[in-house]
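Observations on chain architecture
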Amino acid sequence: GLTFFAGLEDPYKDYVTAAPTLHGRFDDDEFLEKVKAEPPDYIVKSRLDVSEYGQTAFGESYSQKTWAYLQPRYEEFKVWGPKYIVILKRKGSLN
């Protein structure tokens, strides 16, 4: 993803680079703790169809706890299409 191309270490590993339930190892509680420990400055959320993995979307059929935690802490920064791609910025960040 973006962290790879920026040459940065990805603290979230497979949670954001692969279909979260593809390998049967997704744990929302573990992901939530990682996000709390190292909150991202920005989040890129898309309406990509992941139904082939038996899911609907981040915060809907998986990562409900994590999205519930993130949602009030972030605000829309940039939107493309009818909210097909949304970049969210952490509230209170200077960027």
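Residues numbered from 1 in each chain as written. Predicted model: local features only at pLDDT ≥ 70, side-chain atom pairs only at ≥ 80, totals over all residues. Heavy atoms only, no water.

1. Describing the nonpolar core
Membership of the largest hydrophobic core is limited to 11 residues, which are Y12, F31, V35, I43, F58, Y62, W67, L70, Y74, V86 and L88. Put simply, the parts of the chain that give this core at least two residues each are α3 (28-37), α4 (64-70) and β3 (85-90). (Core = buried A, V, L, I, M, F, W, Y, C linked by side-chain atoms within 4.5 Å. Buried < 20%, exposed > 50% of the residue type's maximum accessible area, 1.4 Å probe, protein only. Helix = DSSP H or I, 4+ residues; strand = E, 2+ residues; numbered from the N terminus.)

2. Considerations on the packing of aromatic side chains
Enumeration over the complete set of coordinates arrives at one aromatic pair. Seen from their ring centres, Y42 and F77 are 5.4 Å apart, and the 65° between their planes marks the pair as edge-to-face. Of this pair, Y42 sits in strand β1 (residues 42-46) while F77 sits in strand β2 (residues 74-80), and the two are 35 residues apart along the sequence. If you follow K45 out to its NZ or CZ, it ends over the ring of W67, 4.7 Å from the centre. One cation-aromatic arrangement involves R73 over Y69; the distance from NZ or CZ to the ring centre is 3.8 Å. (Phe/Tyr/Trp six-rings, centres within 6.5 Å; stacked < 30°, edge-to-face > 60°. Lys NZ or Arg CZ within 6 Å of the ring centre and 35° of its normal.)

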